[in-house]
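Residue-level structure breakdown
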Amino acid sequence: MHDNLGDSAPVTVPPTRPSDRLVATSPLQSDADRKRLANVHPADWQNPSPAGRYHLVVIGAGTAGLVSAAIAAGLGARVALVERALMGGDCLNVGCVPSKALIRTARAWHEARTAAARFGGPAATGSGDFDTAMAHMRHIRAALSSVDAASRFRDLGVDVYFGSARFTDVASVRVRGDDQRETPLQFRRAIVATGGRASAPPIDGLTETGYLTNETVFDLDELPPRLLVIGGGPIGCELAQAFARLGSQVTILNAGSRLLAREDADASSIIERALVADGVELRQNVEILAARRDSDGCTLTYEVDGRRVECRGDRILVAAGRAANVEDLGLERAGVRFSDKGIDVNDRFRTSNHRIFAIGDCASTYQFTHAADAQARLAVPNALFHGIGGGKASSLVMPWCTYTSPEVAHVGLSASEVAESGGAVETITVPLAHVDRAVLDRDTEGFFRVHLARGSDRILGATLVSAHAGETISEITAAMSNGIGLSGLGKTIHPYPTQAEAIRKAADAYRRQRLTPRAKGLFDLYFRMWR
């Protein structure tokens, strides 16, 4: 799933994690679902018997936990991995993988209807087949599940336990398996990687509507004719655009004044125009007061500009926040400090118990799969080798991307931080209309914007809005991670034509700005003398 946080607000948190529901009650809708579940939570799995104290016990088999277990086992450590629901966590089962598969299908449908005609070709007609789209998503999800399979990690040398883990003291946990048998595990070090889950605003009557979240929307077996989306963050924008392109009449109800509030305001404006062009209705600055369901669908009552308004739909999708999975872990017994925001860690991911580390969505403001992966690669050496080969959270240069059309990718300094810099930041913007590939593709709605430390070419941050921004932003991330300035990137030869040429154009603009009147005067003198 796109793991960005939605709008921040008081939330209603389900008593159990969503993956528990998937194990307990999810219907096996297809052979693809059966294949996936056989990989990520085999019905006949037998928990192993612990062989002495483990060097590392990892709680949670999402991205953070899987990467941690694989690295530690590969180094020769004795590792136990505990998962109460589905290996692969949100990303595989209810997040990145299914959402991006559905987004890709929606983009294909959209291009068939519009892109061909723009270039003189025949436009497709018809409504498309939602069942086929969902079957494609489930097939892709099942195919990728083998990477996260319990049997694969067993073959890597990891002891895989399915069940609920609770700390019993500062150096041990107890795992209650699917058969209710309890197994005590002793450890030298532990990593908590229990992830997060969708949460919902405390709206009167919302629970009774049977609302969807990213954790249930992929269980749909028919396209909602009218979809109400609560929240204008990345998840809300991605799924709103996808469902609109698939044929739903979509309305976004957003508490803020603009979508994607964490992004550059110009980027938000572009995404708003793109969603409206796809038929999404935007209702901003709203305060939702109540929800109800009747025989004709769902109703949201909200207030805007002092007026009460009702909005009707067939289903409600809540994309308005996330909550850390910190309950029922026995963290108090282990001496681990935590709150409803997550587990408290220092810059090396260590908790208040020096034996226990925490990474991923349960302990980080970066709610992304790639952030969990990166943190695991630092936390394991920190835990096992006293920091040798590890690193600090503050050392990570973290990009992110919202997978709308166009995509919005960002790394480093935010727009608000630039505004607060007091002139210490210099900004260069290259519109995509100035990039030949974007013009050729008739895809000029976007820009590349880079922030530099004033008086130098040191990159502090960047935003890119383009068709493949998520791919291109890595060039900036690599430069920032390795101390390469914008001038250094300008020396890179980009294939022509590509949209990444926007980066070279920004470097050219930087060099032109360095041509001060004094420097230009010296060049003029040189060329007058050299005749």
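Remember, predicted model here, so these are calculated numbers, not experimental data. (Residues numbered from 1 in each chain as written. Predicted model: local features only at pLDDT ≥ 70, side-chain atom pairs only at ≥ 80, totals over all residues. Heavy atoms only, no water.)

Bringing the overall build of the protein chain into the picture now. If you tally the helices and strands in the protein chain, you get 16 helices and 22 strands. The C-alpha atoms of the protein chain give 25 Å as radius of gyration, which agrees with the globular expectation for 531 residues (24 Å, within 12%). C-alpha extents for the protein chain along the principal axes are approximately 90 × 60 × 45 Å. The buried share of the protein chain, reckoned over its 531 residues, is 53%. Considering only intrachain contacts with a sequence separation of at least 6, the fraction spanning at least 24 residues in the protein chain is 66%. Of the accessible surface of the protein chain, which amounts to about 23,600 Å², a share of 51% is contributed by carbon and sulfur atoms. Side-chain charges in the protein chain split into 60 positive and 60 negative, and the spacing between the mean points of these groups amounts to 6 Å. (Helix = DSSP H or I, 4+ residues; strand = E, 2+ residues; numbered from the N terminus. Rg over C-alpha atoms; globule rule 2.2 N^0.38 Å. Buried < 20%, exposed > 50% of the residue type's maximum accessible area, 1.4 Å probe, protein only. Contact = heavy atoms within 4.5 Å. Areas by Shrake-Rupley, 256 points an atom, 1.4 Å probe, with all protein chains shown as cover. Lys, Arg positive; Asp, Glu negative; His and termini not counted. Charge placed at Lys NZ, Arg CZ, Asp CG, Glu CD.)

Below, the discussion takes up the side chain of Glu263. Mapped onto the elements of the fold, Glu263 is located in the loop between strand S8 (249-253) and helix H9 (265-277). Those residues in contact with Glu263, other than ones at most four positions away along the chain, are Arg258, Ser268, Trp400, Thr402, Val408 and His410.

Another point: a nonpolar patch on the surface. Side chains of Leu515, Phe523, Tyr526, Phe527 and Trp530 sit close together on the surface and give an oily, nonpolar patch of about 600 Å² of accessible area. With respect to the secondary-structure elements, Phe523 resides in helix H16 (residues 517-529). Assessed through its relative accessible area of 47%, Phe523 is described here as partly exposed. (Patch = residues over 30% accessible without salt bridge, like charges linked within 9 Å, V, L, I, M, F, W, Y side chains within 5 Å. Salt bridge = Lys/Arg side-chain N within 4 Å of Asp/Glu carboxyl O.)

Confidence in the prediction of the protein chain, expressed as mean pLDDT, is 93, and 95% of residues score 70 or more. Within the model, pLDDT remains below 50 along residues 13-19, and this stretch shows 14 contacts once partners closer than five positions in the same chain are excluded. Within the model, the stretch residues 21-28 combines pLDDT values under 50 with 13 contacts to residues more than four positions away or in other chains. (pLDDT = per-residue confidence, 0-100.)

Attention shifts here to a negative patch on the surface. On the surface, a cluster of negative charge is made up of Asp129, Asp131, Asp221 and Glu222. Within the element layout of this structure, Asp131 appears in helix H6 (residues 130-144).

Where charged atoms of side chains with opposite charge meet at close range, the side chains can pair. This structure, assessed with the given rule, holds 28 salt bridges. Between Arg437 and Asp441 there is a salt bridge, and its shortest N-O distance comes to 2.9 Å. Note on Arg437: relative accessible area 33%, which makes it partly exposed. Overall, Asp441 belongs to the partly exposed group, its relative accessible area being 29%. What emerges from the salt-bridge pattern is a single network uniting Asp33, Arg36, Arg138 and Arg141.

For the rest of this paragraph, the subject is the pairing of strand S3 (residues 158-169). Each regular strand shows side chains that alternate between the opposite faces of the sheet. Examined bridge by bridge, strand S2 (residues 79-83) and S3 share 5 bridges and lie parallel to one another. Each residue of the ladder has a partner; that of Ala80, found in S3, is Asp159. By the bridge criterion, 6 bridges tie S3 to strand S4 (residues 172-177) in an arrangement that is antiparallel. By the bridge assignment for S4, Arg166 is matched with Arg174. Taking the residues that link successive antiparallel strands as the turn, the S3-S4 hairpin has 2 residues. (Pairing = 2+ DSSP bridges.)

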